[in-house]
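Single-letter residue listing:
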Number of protein chains: 2
Amino acid sequence: MPRKRNTRRSPDMPTLADVARLAGVSEITASRVVRAQGPIADPTRLRVLSAIAALGYIPNRAAGSLASAGSTLMSVLLPSLSNIVFPDVLRGIHTALTQTAFQPVIGVTDYDPLIEERILISFLSWQPAAVILAGLHHTPVARRYLEQGRFRVAELMDIDGDPVDIAVGMSHRQAGYETGRHLIQRGYRRFGYARHNILTDDRASARYEGLCTSLQEAGLSLIAEHRYPGPSSTKAGRDTLEILLSAHSELDVVIFPNDDMAMGGIFHCMYAGITVREQLGIFGFNGLDIGQAMPMPLSTILSKRFLIGKTAAEKLLESRERPPEKTIINTGFDIIEGATA
Amino acid sequence: MPRKRNTRRSPDMPTLADVARLAGVSEITASRVVRAQGPIADPTRLRVLSAIAALGYIPNRAAGSLASAGSTLMSVLLPSLSNIVFPDVLRGIHTALTQTAFQPVIGVTDYDPLIEERILISFLSWQPAAVILAGLHHTPVARRYLEQGRFRVAELMDIDGDPVDIAVGMSHRQAGYETGRHLIQRGYRRFGYARHNILTDDRASARYEGLCTSLQEAGLSLIAEHRYPGPSSTKAGRDTLEILLSAHSELDVVIFPNDDMAMGGIFHCMYAGITVREQLGIFGFNGLDIGQAMPMPLSTILSKRFLIGKTAAEKLLESRERPPEKTIINTGFDIIEGATA
DNA sequence: CTGTTAGCGCGTTCAT
DNA sequence: ATGAACGCGCTAACAG
């Protein structure tokens, strides 16, 4: 006895069979029209298209996915959405995916590799066409899934390491190094460093290490650093600078892990009557618009977040199969001289 | 002759049948264990779980979706990711969905109802359990799909209107109105208004109208307004204030559509040597952290973005079926007195 | 250029 | 507490 139609769906949601019937063609022909694939005679296509319009047909992607063992989803795993960096990356991804059939599915890992692993596995159950992650460090389990899967993989932000498939980003180590060189050249000698408590922000750590290296090479070292006991924020930057200066008034420049915190540093200087650049240099990272809109533009490094996201998504779409050799794309960075250091 | 196994999948991606075979149970029993549904004897469950672990089994959600005519996806359609407001909403949604089986799928509409309609239709092909959108204005076609669909719907940010199912947000009209009342009470009389070119930002328009109403009631009106010929940004705010003041130096307060632009206004004042609050009041909207971390905290209205997203997602999960009557949740707003107006 | 056939992997239904 | 059978809606493969 025929089972009754699944009760959970709308009573008369049309299927491809309905479209085919109305258009007087076979299902597969209708399917080909929907997917714009294969050769279809113009009159046939038009009949199918008008049947689709007449019925208000919406394809069922679950069925399509199942039949074709693939989907048009792109899994995107980001550490955070509070840090504007990642929405920027996401915008880039979105821009590349607009006008394609692909859709991003977002997961947020809170900078935790174990959460990343968990979300990755759950995303893989949708048979994504590609996976985008931040950074090159993943759990061994995650790394294994990434390597064995039949999907493209892009690892974003960082390029200092060995990617699974594609890496798009910049060398944060080098950015930190160049920061040090730049500030030394500008005459600064007594360096302070502000940090936050996101210990798994590998990029921030890499920049820190790069900076230390350049200081060492110049016979210098960090005089002081303070790790704010909370996540990055403008207020964190402001409070951290106050603490640093109260113990080390001799500092002539303080480097922040990002522009948000650096802005906080500037606000502290405004509050405390410290002349920025002359009395104290302030240096950030990211090159956010707001920092550049200040009367004294923030001295910082421009990271190309949008470009990273866009490039990665474009690259992933180039070929459905993972090529034999890995790709590393360096989007580079620019030092913004600014007026604060 | 049996067709060969789909060539696109990994050579030996285990299926539920493999798990069942290894555990010595039927597929449906294994399925019940995977979904933690129905009564299963403890020893049976353990055997299945260890088979899952041994094989590294990952469920195929496309198949599950197809069989059950439903998915664990939640479609989220946001106007923008550049405006920090929406990442904040997204964080709220994410927070509510963590520890549930649901996953958000993000689409970005660029404040364009037609793009919203297009993305909505494409999302519906995944049979989402719920759809989240911004605002109450959609195309007639989109509205029809939303009303007829077998999924929950939440419309966020605004509550001035008639929702399809659930609305979570605040009254922007009232926020604009209260802004006017507040500033009048503080003694301001000569009002200027800065705008941006996102004409379909209905919330900004509603605040503008509310403000005008309160001015009218006090026998006042806007002396000047300027629409910046580009999207909202800090620089847009800075440039807009400069233009406003060059033509209307008599203004004693300028209201901005958001904190980003208001910060730009403050930067212009810093640059031009204008004493904020005494010579010119500056008022924003959103209550971003950065504005509150300034030496003179920005006077603004705190919108509760995170709460809106979280509340909406939680509400959507309460029942899979759309209840007979609509729900409107007012998350309210707070006036932050600040030091700039 | 179009059609026939045969599943994709899972969950619902109903039976035991 | 567990299982058998069927089909969800679509597309790959091959034939014509």
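These remarks concern the structure in this document. Note that the structure is predicted; figures quoted are calculated from it, not measured.

A closer look at the environment of Ile 301 of chain B
All names here are of chain B.
In step 1: With respect to the helices, strands and loops of the structure, Ile 301 is situated in strand β10 (residues 300–303).
In step 2: On the basis of relative accessibility, which here comes to 0%, the residue Ile 301 falls in the buried class.
In step 3: Sequence spacing of Ile 301 and Asn 258 is 43 residues, and the spatial spacing of their C-alpha atoms is 9.0 Å.

Considering the packing of aromatic side chains
To describe a pair of aromatic rings, one takes the distance between the centres and the angle between the planes.
In step 1: Summed over the entire model, instances satisfying the criterion amount to five aromatic pairs over all chains.
In step 2: Aromatic side chains Phe 86 of chain A and Tyr 111 of chain A sit 6.4 Å apart centroid to centroid with 70° between the ring planes, which places their arrangement in the edge-to-face category. Here Phe 86 of chain A is found in helix α5 (residues 85–97), whereas its partner Tyr 111 of chain A is found in the loop between β2 (103–108) and α6 (113–124), with 25 residues between them in sequence.
In step 3: Here Arg 195 of chain B stacks its cationic end above the ring of Tyr 208 of chain B, 3.6 Å away from the centre of that ring.
In step 4: Between the NZ or CZ atom of Arg 322 of chain B and the centre of the ring of Phe 151 of chain B, over which it lies, the distance is 5.7 Å.

A word on the pattern of salt bridges
Residue and element names in this part refer to chain A.
In step 1: Applying the stated criterion across every chain, the model contains 32 salt bridges over all chains.
In step 2: For Asp 165, the salt bridge identified is with Arg 152, shortest N-O distance 2.8 Å. In this pair, Asp 165 sits in the loop between β4 (152–158) and β5 (166–170) while Arg 152 sits in strand β4, placing the two residues 13 residues apart along the sequence. The exposure classification of Asp 165 matches that of Arg 152, with both residues buried.

Considerations on the environment of Ser 214 of chain A
Residue and element names in this part refer to chain A.
In step 1: Turning to its location among the elements, Ser 214 is positioned in helix α9 (residues 202–217).
In step 2: Once the C-alpha coordinates of Ser 214 and Arg 181 are considered, the two residues, 33 residues apart in sequence, prove to be 6.1 Å apart.
In step 3: Not counting residues within four places of it along the chain, the set of residues in contact with Ser 214 comprises Gly 176, Tyr 177, Gly 180, Arg 181 and Ile 184.
In step 4: At 3.4 Å, the side chain of Ser 214 and the backbone oxygen of Tyr 177 are in polar contact.
In step 5: Here the side chain of Ser 214 touches Leu 211 through a polar contact of 2.8 Å, landing on its backbone oxygen.

Remarks on the side chain of His 196 of chain B
In step 1: Here His 196 of chain B is to be found in the loop between β6 (191–195) and α9 (202–217).
In step 2: Only 3.1 Å separates the side chain of His 196 of chain B from the backbone nitrogen of Ile 198 of chain B, close enough to count as a polar contact.

Some points on the sheet that holds strand β9 (residues 281–283) of chain A
Residue and element names in this part refer to chain A.
In step 1: The sheet built from four strands is open, its strands ordered β7-β6-β8-β9 with parallel pairing. In this open sheet, the two edge strands, each paired with only one partner strand, are β7 (222–227) and β9. The sheet shows a mean angle of 20° between the axes of neighbouring strands, taken without regard to direction.
In step 2: As paired strands, strand β6 (residues 191–195) and β7 are joined by five bridges and run parallel to one another. By the bridge assignment, Ala 194 is partnered in β7 with His 226.
In step 3: This element, helix α11 (residues 259–272), spans β6 and β9 of the sheet and lies at about 160° to β9.

Cut-offs used in this document
- Residues numbered from 1 in each chain as written.
- Chains lettered and ligands numbered in written order.
- Predicted model: local features only at pLDDT ≥ 70, side-chain atom pairs only at ≥ 80, totals over all residues.
- Heavy atoms only, no water.
- Helix = DSSP H or I, 4+ residues; strand = E, 2+ residues; numbered from the N terminus.
- Buried < 20%, exposed > 50% of the residue type's maximum accessible area, 1.4 Å probe, protein only.
- Phe/Tyr/Trp six-rings, centres within 6.5 Å; stacked < 30°, edge-to-face > 60°.
- Lys NZ or Arg CZ within 6 Å of the ring centre and 35° of its normal.
- Salt bridge = Lys/Arg side-chain N within 4 Å of Asp/Glu carboxyl O.
- Contact = heavy atoms within 4.5 Å.
- Polar contact = N/O pair within 3.5 Å; in protein donor to acceptor, adjacent residues only side chain to side chain.
- Pairing = 2+ DSSP bridges.
- Axes fitted to C-alpha atoms, helices over the stretch in contact; angles between N-to-C directions.

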